[in-house]
Amino acid sequence: MSPISASKSPVTVVGLGLMGHALAAAFLASGHPTTVWNRSAAKAGDLVAGGATLAGSIKSAVEASPLVVVCVSDYDAVRALLDPVASSLAGRTLVNLTTASSTQARETAGWAARIGSAYLDGAILALPQAIGTAQATVLYAGPKAAFEEHEATLRALGESGAMYLDEDHGLSALYDMSVLSIMWGVLNGFLQGAALLGTANVKASTFAALATTAINVTTDYVSAYAQQIDEGAYPAADATIAVHAGGMEHLVQESEELGVNAEVPKLFLELATRAAAGGRAGDSYAALIEQFRAPAGHTDDGLSEMQAEAAK
Ligand SMILES: NC(=O)c1ccc[n+]([C@@H]2O[C@H](COP(=O)([O-])OP(=O)(O)OC[C@H]3O[C@@H](n4cnc5c(N)ncnc54)[C@H](OP(=O)(O)O)[C@@H]3O)[C@@H](O)[C@H]2O)c1
């Protein structure tokens with residue numbers, strides 16, 4: 001832990017829930033003069049004991065630093081807190097690390113522009129315990145100049161994990177959701193496998209090593225499929241969608257026969273079957289992107305399945 005240093009840029013943290021508290025602690029630990037504010041002031045106790053300044057009002061919190069970091073439950077809370085102090089935010093940089101949708105992020109960027117605040121929308125890809133360590137990745141989107149101005153301070157949250165994305169404020173939220181989508185996809189696959197093996201008394205911990213290998217093998221597909229998706233051409237150098245669909249039928253059948261939940265495998269099969277029916281049976285798995293790009297139940301020609309049925 002570095003002593004608080006006058007040579008380090010001051011920072012204000014608004015919101016001291018589990019994550020906001022970890023953010024403030026990381027700024028403090030790297031020596032930044034840190035001002036904090038939370039609706040429930042008691043949560044600042046140990047931070048103040050560690051050298052943070054507890055502001056008496058949100059206005060004085062905002063006015064204490066050129067960089068204001070906010071991390072509360074949702075964007076309604078962000079606006080409820082910051083609207084009344086909009087004039088104090090003018091000329092400062094606001095970094096919003098509250099989770100949101102890309103639409104909310106872009107709307108908030110519009111609001112920040114109207115009040116004259118430089119705005120970075122961020123997404124935290126870490127648990128509070130990882131903040132300040134090499135495991136913490138924080139994504140930022142918005143004006144690059146604002147990121148660069150405060151990059152040294154923001155690196156207190158994770159030295160190598162401060163990742164600037166783009167001027168488009170929506171991108172941090174979109175990347176956040178895209179990464180979560182991968183996490184839940186992988187974890188649901190692991191849980192399906194663990195449930196299947198559990199019917200034969202195989203412990204999940206016994207499966208873990210092979211599951212990890214399978215996850216690593218799957219990563220090999222990502223770059224090749226990404227290129228196919230970007231090019232819009234899906235030559236099946238490995239396995240066709242028809243072959244995948246055959247395997248999925250086995251997974252559904254095995255799950256049902258063993259009394260294991262088959263909802264997720266059935267969804268896989270439904271997507272693959274729809275792609276095959278739309279003419280993609282001989283293409284690589286990457287062609288399924290067309291199913292993900294369209295709202296549920298749409299065929300390749302843009303009609304919903306109900307519309308297509310009615311048109312027959
Ligand atoms: N925890 C994680 O692992 C994690 C990881 C990545 C991203 N995030 C994101 O970080 C954000 C905060 O999460 P958290 O885990 O810190 O949640 P939390 O522990 O529930 O804390 C919520 C914070 O929001 C404040 N708050 C809520 N509604 C408010 C309102 N109407 N007015 C003023 N303050 C309000 C709370 O104030 P009080 O203390 O007064 O209730 C508290 O400071 C969320 O957007 C979350 O998605 C969290």
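Residues numbered from 1 in each chain as written. Predicted model: local features only at pLDDT ≥ 70, side-chain atom pairs only at ≥ 80, totals over all residues. Heavy atoms only, no water.

Undergrad: Looking at this structure, I do not really get the UniProt feature "signal peptide" (unreviewed entry) in the protein. What am I missing?
TA: Mapped onto the present numbering, the UniProt feature "signal peptide" (unreviewed entry) falls on residues 1-24. Within residues 1-24, the helical portion is 29% and the strand portion 17%, while the C-alpha atoms at the span's ends are 13 Å from each other. (UniProt positions renumbered as here; feature names shortened; annotations may be inferred. Helix = DSSP H or I, 4+ residues; strand = E, 2+ residues; numbered from the N terminus.)

Undergrad: Can you walk me through the sheet that holds strand S2 (residues 34-37) in this structure?
TA: What the eight strands build is an open sheet, ordered S3-S2-S1-S4-S5-S6-S7-S8; its pairing is mixed. Looking at which strands have only one partner, the edges of the open sheet turn out to be strand S3 (53-54) and strand S8 (162-166). Summarising the sheet, strand S6 (residues 118-125) and strand S7 (residues 137-141) pair through five bridges and their orientation is antiparallel. Looking at the pairing, Asp121 lines up with Ala141 of S7. Helix-sheet contacts for helix H7 (residues 144-154) involve strand S1 (11-14), strand S4 (67-70), strand S5 (93-96), S6, S7 and S8, and the interaxial angle to S6 is about 50°. (Pairing = 2+ DSSP bridges. Contact = heavy atoms within 4.5 Å. Axes fitted to C-alpha atoms, helices over the stretch in contact; angles between N-to-C directions.)

Undergrad: Explain the site of the ligand here, please?
TA: Met19, Asn38, Ser40, Lys43 and Thr99 are the nearest of the 21 residues found near the ligand. Note that an oxygen atom of the ligand is positioned 3.3 Å from one of the backbone N or O atoms of Leu16. Expressed as a share of its isolated accessible area of 900 Å², the protein-covered part of the ligand is 73%. Elements represented by at least two residues in the shell around the ligand include exactly helix H1 (18-29) and helix H4 (75-82). With three residues, H1 is the largest single contributor of residues to the shell around the ligand. When grouped by side-chain class, the residues that make up the shell around the ligand number eleven nonpolar, eight polar and two charged. (Near = heavy atom within 4 Å. Polar contact = N/O pair within 3.5 Å; in protein donor to acceptor, adjacent residues only side chain to side chain. Areas by Shrake-Rupley, 256 points an atom, 1.4 Å probe, with all protein chains shown as cover. Nonpolar A, V, L, I, M, F, W, Y, C, P; charged D, E, K, R; others polar.)

Undergrad: Would you take a moment to explain the UniProt feature "domain: NADPH-dependent reductive aminase-like C-terminal" (unreviewed entry) in the protein for this structure?
TA: Under the local residue numbering, the UniProt record ascribes the feature "domain: NADPH-dependent reductive aminase-like C-terminal" (unreviewed entry) to residues 168-293. A helix fraction of 76% and a strand fraction of 0% characterise residues 168-293, whose end C-alpha atoms lie 21 Å from each other.

Undergrad: Quick question: what am I supposed to make of the packing of helix H10 (residues 241-257) against helix H11 (residues 263-280) here?
TA: A pair of packed helices can be characterised by two numbers: the angle between their axes and the separation between those axes. Where H10 meets H11, the closest approach of the two axes is 9 Å, and the angle between their N-to-C directions is 150°. When the axis of H10 is compared with that of H11, the two are roughly antiparallel. By crossing handedness, the relation of H10 to H11 is classed as left-handed. Facing H10, whose interface residues are Ile241, Ala245, Met248, Glu249, Leu251, Val252, Ser255 and Glu256, H11 presents Pro265, Lys266, Phe268, Leu269, Ala272, Ala275, Ala276 and Arg280. (Parallel < 35°, antiparallel > 145°, perpendicular 65-115°, else oblique. Left-handed = near helix turned anticlockwise from the far one by under 90°.)

Undergrad: What is the right way to look at the side chain of Asn96 in this model?
TA: On the secondary structure map, Asn96 appears in strand S5. There is a polar contact of 3.3 Å between the side chain of Asn96 and the side chain of Tyr75. In this structure the side chain of Asn96 is engaged in a polar contact, spanning 3.1 Å, whose partner is the side chain of Tyr119.

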